[in-house]
Amino acid sequence: MKCASCKNDTIIESLTSYFSHGPGGYIIIEHVPCRKCTQCGEEFFSASVMERIDEILAGLAPLPSKVQIMEYVPAA
């Protein structure tokens, strides 16, 4: 796989934090699996990871504060 941004061909498996703006505040999901370019740092998520993130965000209750931090947990 080549990086879509810089065309570097060294992509590694990594973990990152995913940031989203939800109703009433910001959501940070930590330790999300991704592929990361070693040259420019661009991050790529698989379709299954994005589906899980969508499930997590869809299942959120109204935020108790302006920022909510949660842990990524793969679907069972």
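Residues numbered from 1 in each chain as written. Predicted model: local features only at pLDDT ≥ 70, side-chain atom pairs only at ≥ 80, totals over all residues. Heavy atoms only, no water.

1. What to know about the overall build of the chain
When its secondary structure is counted, the chain shows one helix and four strands. The N-to-C order of helical and strand elements in the chain reads β-β-β-α-β. Out of the 76 residues in the chain, the part that is buried amounts to 29%. As displayed, the chain offers around 5000 Å² of accessible surface, 55% of which is attributable to carbon and sulfur atoms. When the 6 positive and 9 negative side-chain charges of the chain are each reduced to one mean point, those points stand 5 Å apart. (Helix = DSSP H or I, 4+ residues; strand = E, 2+ residues; numbered from the N terminus. Buried < 20%, exposed > 50% of the residue type's maximum accessible area, 1.4 Å probe, protein only. Areas by Shrake-Rupley, 256 points an atom, 1.4 Å probe, with all protein chains shown as cover. Lys, Arg positive; Asp, Glu negative; His and termini not counted. Charge placed at Lys NZ, Arg CZ, Asp CG, Glu CD.)

2. So, the nonpolar core
Formed by Tyr18, Ile27, Ile29, Val32, Val49, Ile53, Ile56, Leu63, Met70 and Tyr72, the largest nonpolar core amounts to ten residues. At the level of secondary structure, the elements contributing two or more residues to this core comprise strand E2 (25-37) and helix H1 (47-58). Discounting residues that sit within four places of it in the chain, isoleucine 29 has contacts with Thr16, Ser17, Tyr18, Ile53, Ile56, Leu57, Met70, Glu71 and Tyr72. (Core = buried A, V, L, I, M, F, W, Y, C linked by side-chain atoms within 4.5 Å. Contact = heavy atoms within 4.5 Å.)

3. Concerning the environment of glutamate 42
Among the secondary structure elements, glutamate 42 is positioned in the loop between E2 and strand E3 (43-44). Sequence separation between glutamate 42 and valine 32 is ten residues, and the spatial gap between their C-alpha atoms is 14 Å. Among residues more than four places away in sequence, those in contact with glutamate 42 are Cys3, Ser5, Arg35, Lys36 and Cys37. Of the polar contacts made by the side chain of glutamate 42, one reaches the side chain of serine 5; its length is 3.3 Å. (Polar contact = N/O pair within 3.5 Å; in protein donor to acceptor, adjacent residues only side chain to side chain.)

By themselves, these observations are geometric and do not establish any function.
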